[in-house]
Every structure is written in structure tokens, then in C-alpha cells.
Amino acid sequence: MTSSELWTRATADRYDAEEAEASSAAVLGPTLAFLAELAGDGRALEFAIGTGRVGVPLRERGVPVAGIELSEHMAAVLRRKVDERTLPVAIGDMASTVVPGGFTLVYLVYNTITNLLTQDEQVECFRNAARHLEPGGRFVIELGVPPLRLLPPGQVAVPFDVSRHHLGFDTFDLVEQVLVSHHFTRDGDDDGRYRRENSRHRYAWPAELDLMARIAGLQLERRVADWDGSAFTQDSTKHVSVWRKPA
Ligand SMILES: C[S@@+](CC[C@H](N)C(=O)[O-])C[C@H]1O[C@@H](n2cnc3c(N)ncnc32)[C@H](O)[C@@H]1O
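Cut-offs used in this document
- Residues numbered from 1 in each chain as written.
- Predicted model: local features only at pLDDT ≥ 70, side-chain atom pairs only at ≥ 80, totals over all residues.
- Heavy atoms only, no water.
- Phe/Tyr/Trp six-rings, centres within 6.5 Å; stacked < 30°, edge-to-face > 60°.
- Helix = DSSP H or I, 4+ residues; strand = E, 2+ residues; numbered from the N terminus.
- Buried < 20%, exposed > 50% of the residue type's maximum accessible area, 1.4 Å probe, protein only.
- Lys NZ or Arg CZ within 6 Å of the ring centre and 35° of its normal.
- Pairing = 2+ DSSP bridges.
- Axes fitted to C-alpha atoms, helices over the stretch in contact; angles between N-to-C directions.
- Contact = heavy atoms within 4.5 Å.
- Expected span 1.5 Å × (residues − 1).
- Core = buried A, V, L, I, M, F, W, Y, C linked by side-chain atoms within 4.5 Å.
- Patch = residues over 30% accessible without salt bridge, like charges linked within 9 Å, V, L, I, M, F, W, Y side chains within 5 Å.
- Areas by Shrake-Rupley, 256 points an atom, 1.4 Å probe, with all protein chains shown as cover.
- Salt bridge = Lys/Arg side-chain N within 4 Å of Asp/Glu carboxyl O.
- Parallel < 35°, antiparallel > 145°, perpendicular 65-115°, else oblique.
- Left-handed = near helix turned anticlockwise from the far one by under 90°.
- Near = heavy atom within 4 Å.
- Polar contact = N/O pair within 3.5 Å; in protein donor to acceptor, adjacent residues only side chain to side chain.
- Nonpolar A, V, L, I, M, F, W, Y, C, P; charged D, E, K, R; others polar.

Novice: Could you clarify how one ought to interpret the packing of aromatic side chains in this entry?
Specialist: One pass over the full model with this rule turns up eight aromatic pairs. For the ring pair Phe139 and Trp243, a centre distance of 6.1 Å and an interplane angle of 40° mean the geometry is tilted. With Phe139 in strand S5 (residues 133–144) and Trp243 in strand S11 (residues 238–244), the pair connects residues that are 104 residues apart, well separated along the chain. A single burial state applies to Phe139 and to Trp243, both of which are buried. Cluster of aromatic residues (ring-pair linked, three or more members): Phe47, Phe126, Phe139 and Trp243. The aromatic ring of Tyr110 is capped on one face by Arg53, whose charged end is 3.9 Å from the ring centroid.

This is the structure:
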């Protein structure tokens, strides 16, 4: 049983079009180079592989990739791109589902650790990554830094996108460490109608993730601000972190 919200067929069918820019070669190039180098001659496992935005091109680069994905609708979109023998996907919860074989790399990108809404489940997700790693293997997470510096007392929401077709803002429960992302998206042009969607996320600071990694027997090896390897600073809005399972 997971606290994650289940991604629907409608969301899955829209995902690739909505993430076209994030799926472009220009954006994905540094991500794929980073992950391929860490996978080395071994196999990679993507937690929450979705429609294969990252996993499919990584496989095309020659890295054997497997995936775990909660939503069969998201996995069905991936399956239109690549067959099960080339890229096997297990339907299940990334905090508990076990797939066969050992991996040199487990990765979880695009803020998706936050889809696990409790600390216990996030810890279990780290443990599950460690369970799949060969000695010396790495767990990589891409995650935004919680934008709380943008939330002064008395303000209830932080906008993250105000553009022609999309208005997005986050609201926060600072006690439960949960944020809700609100999206108002215009599908057509000027009919004045917006599609409204919300998603819940448990945000976590890098230091909390390091503690989860330690609980799972992993050690922080590297933390950078982005896939291009730029330095992580106090002004960074996201991070790419690498933990290693001792050899
Ligand atoms: C933002 S998408 C990311 C998909 C893909 N990794 C990418 O980068 O495009 C989040 C994905 O996480 C999946 N997901 C959410 N909770 C999950 C869980 N507990 N276990 C496995 N997958 C989960 C969703 O179904 C969805 O496919």
C-alpha cells in the first residue's frame, strides 16, 4: 500500500506532449551522459520510469535499463515505444517492489521522491534502492530544493509558472512538510476555460535525504546543482545527488 497518488490514463496520454521540452535532446543530453557514466558496464534501474522519458533514450545509448512504475497507464505509453524484452518494467511501488538482478545504478529523477508522501516511505525507497545495488553502485536523485525562502510569513502560495497556457503555484503545509502543486492549464486558445489539477508532494531537504541514505547504508559521494555538474550553492534551486553503496 502506497501513499502515492495514482497517475491516470488521461494524465499518461498527455504526459509526453506536456513534457516535450524536458524530453528534448538538448535538455536530456547532460542527464543521459551523467547517468550513462555512472552505469558504466552495468545495468540501470529507474524508479518511477513513467513513459520512459529518460529510460528509453538511456537504453538507446546502450545502457541496459529496467524500470519500476506504479501507474500501468504511464507504463502502457512507454510500452508503445519499446518492448518488454528490451526494457522490462515491473508495475509496483518503488518503495517496496523488487526486480531481479543487480544494478550499478538506480536513479529517481524529476522530483519524484516527493510522490511518496511520508518520511517512512521515502526511507523505504532509499532502502529499496540499496537492495538493488551491487557493491560500489550508485543511487541518484534529481530534486528541487524546497522553495520556502520564497514564502514569507502571511503569504500562502509560491508561483512557479505564469505563462500563456499555464498558471502553476505551490501551497504549503509546513507542519506536515507537504506541498500541493496547483496547475491551471489552457488546452485550447481563447475559450477562457482552464483544466485544474492538483498534486501532493512531501518535500525534503538535501540533509534529510543524506540521513535517509545513511539509514539505507549509502554514503553521499557527490551533490551538484544540475546534470551539467555545476556547483551546488546556497542559491541552487535543485540538486542532483549521488550516494554510493560501499564496495
Ligand atoms: C513526474 S513523473 C516522472 C516519470 C519519469 N521518471 C520522467 O522523468 O519523465 C512521476 C512518475 O512517478 C510515478 N510514481 C508515483 N509514485 C510512485 C511510486 N510510489 N512507485 C512507483 N512509481 C511512482 C508516477 O506514476 C509517474 O509515472
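Novice: Explain the sheet that holds S5 to me, please; I cannot follow it from the model alone.
Specialist: Backbone hydrogen bonds are what pair the strands of a sheet, in a parallel or an antiparallel way. The sheet built from seven strands is open, its strands ordered S3-S2-S1-S4-S5-S11-S10 with mixed pairing. Of all strands in the sheet, those with a lone pairing partner are strand S3 (89–91) and strand S10 (219–224), marking the two edges. Going from strand to strand, the sheet's axes swing by 20° on average, the running direction of each strand aside. Where S10 and S11 come together, five bridges link them in antiparallel fashion. Within the sheet, the bridge partner assigned to Val224 lies in S11 and is Val240. Helix H2 (residues 25–39) rests against strand S4 (103–108), S5, S10 and S11 of the sheet, and its axis sits at about 150° to S4.

Novice: Teacher, can you tell me more about the sheet that holds strand S7 (residues 166–173) here?
Specialist: Across the sheet, which stays open at both edges, the four strands sit in the order S6-S7-S8-S9 with antiparallel pairing between neighbours. Edge positions in the open sheet fall to strand S6 (157–163) and strand S9 (195–202), since each of these has one partner strand only. The mean inter-strand angle of the sheet, taken between neighbouring strand axes irrespective of direction, is 15°. Relative to strand S8 (residues 178–185), S7 runs antiparallel, the two being bridged by eight bridges. Its bridge partner being in S8, Phe169 is matched across the sheet by His182.

Novice: So what exactly am I meant to see when it comes to H2 here?
Specialist: Side chains of residues three or four places apart in an α-helix project in the same direction, reflecting 3.6 residues per turn. Under the 1.5 Å per step criterion, the end-to-end length of H2 is 20 Å for 15 residues, consistent within 8% with the ideal 21 Å. Considered for burial, the residues of H2 that qualify are Leu28, Thr31, Leu32, Phe34, Leu35, Ala36, Leu38 and Ala39. Buried residues along H2 sit against helix H3 (55–60), S4, S5, S10 and S11. The first or second residue beyond H2 is Gly40, which carries a positive phi of 60°.

Novice: I'm lost on the nonpolar core in this one. Help?
Specialist: Taken as a class, soluble globular proteins show a tendency for nonpolar side chains to be buried jointly. In terms of nonpolar packing, the biggest core is built from 28 residues, with Phe47, Phe126, Phe139, Ile141 and Leu218 touching the most fellow members. Secondary structure elements with two or more residues in this core: strand S1 (44–47), strand S2 (65–69), S4, helix H5 (119–132), S5 and helix H6 (206–215). The element best represented in this core is H5, accounting for five residues. If we skip the residues at most four places from it in the chain, Phe126 touches Ile113, Phe139, Ile141, Leu209, Met212, Ala213, Ala216, Leu218 and Trp243. Of all hydrophobic cores here, the second largest spans 27 residues; its members include Ala44, Ala75, Leu87 and Tyr107.

Novice: Would you mind showing me how to read a nonpolar patch on the surface here?
Specialist: On the surface, a cluster of nonpolar side chains totalling about 280 Å² of accessible area is made up of Val162, Leu167 and Tyr194. Given a relative accessible area of 38%, Tyr194 falls into the partly exposed group.

Novice: Is there a simple way to explain the packing of H5 against H6 in this structure?
Specialist: To characterise two packed helices, one gives the angle between the axes of the helices and the distance between these axes. Viewed as axis vectors pointing N to C, H5 and H6 meet at an angle of 55°, and their least axial separation amounts to 8 Å. Taken together, the axes of H5 and H6 are oblique relative to one another. Of the two elements, H5 crosses H6, and the hand of that crossing is right-handed. In this structure, H5 contributes Gln119, Gln122, Val123, Phe126 and Arg127 to the contact, and H6 contributes Glu208, Leu209, Met212, Ala213 and Ile215.

Novice: How do you make sense of the site of the ligand when you look at a structure like this?
Specialist: In the vicinity of the ligand, 21 residues are found, and the nearest of them are Tyr15, Glu46, Ala48, Glu69 and Asp93. A distance of 2.7 Å separates an oxygen atom of the ligand from a polar side-chain atom of Tyr15. The fraction of the free accessible surface of the ligand (590 Å²) that becomes covered by protein chains is 97%. For the shell around the ligand, the class distribution of residues is 10 nonpolar, seven polar and four charged.

In short, the description is geometric, and any link to function would need to be established separately.
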